[in-house]
Amino acid sequence: MGKIHVVTRKEEIDEVKMDNKIAVVFDVLLATSTIATVLHHGAVSVIPVLDGDQARKRAAGISTDEYILVGEYEGRTIEGFLDPNPSVLKDTAAGKKVILSTTNGTVAVHKSSPAKKVYACSLLNSKAVADALTAAHEDETIIIVCSGSSGKFSLEDFYGAGYLIHQLTAQKSWNLSDSALTAKLFYEGSIHEPALVLGQSRVGKMLEEYGFRAEITFISKRDCFLTVPVLMGDELVDFYRIKASSK
């Protein structure tokens, strides 16, 4: 029987203990929602980086018409970068490599990289990720990583983790840690209110103050996309697109 554990902040990741585990990263507001959205709408890949400087260095080796720079730090768009808002980026990412820098989510992906496999998940693509995990990793240990917000626990990531666990346990039996069970019960207690939960979170309130209520509404939609972002090298690609191209 496979096991599921939830890490509630990226700062809690023990890179040694990630060895031979399957990592699933959540940064619902906004990074992993953005990743799922742009890959669904035809981005070639998403390259998660630690900060703006690393983004520019990574871009130096790519033709200017083949990538876009997207990023924020502490909620503010990095100068010269596009806003990491999924509902806007879906119209500009097709055919591009999206070099993405965020305060929490892309850092969490980097910290999770010692894992055997790293996936990115959000409410938008949770069912697709759950199906992929069940098919490929049903007897392994899954570490769900809530990115958190600048070192703090984040309500929206824990809610997303609970939704994924809700779906996984509907398909088969898993051995849940206390943190995994708590996330599942939390989600099931608010199962019909994703937009309300996200809007009440600290980051959700901040986004509303910045005028991004529409992003919260968009991100709160469950299972819109079949995209399964998985880390290959230093790029997140759609697992099913890669699988299809290899046939």
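S.K.: It is not clear to me how the overall build of the protein should be interpreted in this structure. Could you clarify?
M.R.: A count of helical and extended segments in the protein gives eleven helices and eleven strands. Taking 247 residues into account, the globule formula puts the C-alpha radius of gyration at 18 Å, and the protein, at 16 Å, falls close to it. Structurally, the protein occupies a C-alpha span of about 45 × 45 × 30 Å along its principal axes. When each of the 247 residues of the protein is scored for burial, the buried share is 53%. Partitioning the contacts of the protein with sequence separation of at least 6, the portion at a separation of at least 24 is 81%. Counting only carbon and sulfur atoms, one obtains 52% of the accessible surface of the protein, whose full area is about 10600 Å². Each charge class in the protein can be summarised by its mean position, and for the 27 positive and 31 negative side chains these summaries are 3 Å apart.

S.K.: Is there a simple way to explain the packing of aromatic side chains in this structure?
M.R.: Any aromatic ring pair is given by two values, namely how distant the centres are and how the planes are angled relative to each other. Taken as a whole, this structure holds five aromatic pairs when the rule is applied. Geometrically, the ring pair formed by Tyr 159 and Tyr 187 is tilted, given 5.1 Å between the ring centres and 55 degrees between the ring planes. In this pair, Tyr 159 is assigned in helix 6 (residues 155-171) and Tyr 187 in helix 7 (residues 178-189), connecting sequence segments 28 residues apart. Residue Tyr 159 is classed as buried on the basis of its relative accessible area, which comes to 0%. On the basis of relative accessibility, which here comes to 2%, the residue Tyr 187 falls in the buried class. An aromatic cluster is built from Phe 153, Phe 158, Tyr 159, Tyr 163, Phe 186 and Tyr 187, whose rings are joined through pairwise contacts. The ring of Trp 174 carries the charged tip of Lys 172 above its face, separated from the ring centre by 4.2 Å. The ring of Tyr 163 is capped by Arg 222, whose NZ or CZ atom sits 5.9 Å from the centre of that ring.

S.K.: Looking at this model, I keep getting lost on the pairing of strand 10 (residues 229-232). Mind explaining?
M.R.: Note: strand 10 against strand 11 (residues 235-238), four bridges, orientation antiparallel. Paired with Met 232 across the bridge in strand 11 is Glu 235. The hairpin formed by strand 10 and strand 11 contains two residues between the paired strands, and Gly 233 there has a positive phi angle of roughly 65 degrees.

Cut-off values and rules
- Residues numbered from 1 in each chain as written.
- Predicted model: local features only at pLDDT ≥ 70, side-chain atom pairs only at ≥ 80, totals over all residues.
- Heavy atoms only, no water.
- Helix = DSSP H or I, 4+ residues; strand = E, 2+ residues; numbered from the N terminus.
- Rg over C-alpha atoms; globule rule 2.2 N^0.38 Å.
- Buried < 20%, exposed > 50% of the residue type's maximum accessible area, 1.4 Å probe, protein only.
- Contact = heavy atoms within 4.5 Å.
- Areas by Shrake-Rupley, 256 points an atom, 1.4 Å probe, with all protein chains shown as cover.
- Lys, Arg positive; Asp, Glu negative; His and termini not counted.
- Charge placed at Lys NZ, Arg CZ, Asp CG, Glu CD.
- Phe/Tyr/Trp six-rings, centres within 6.5 Å; stacked < 30°, edge-to-face > 60°.
- Lys NZ or Arg CZ within 6 Å of the ring centre and 35° of its normal.
- Pairing = 2+ DSSP bridges.

Any link to function would need more than the numbers given here.
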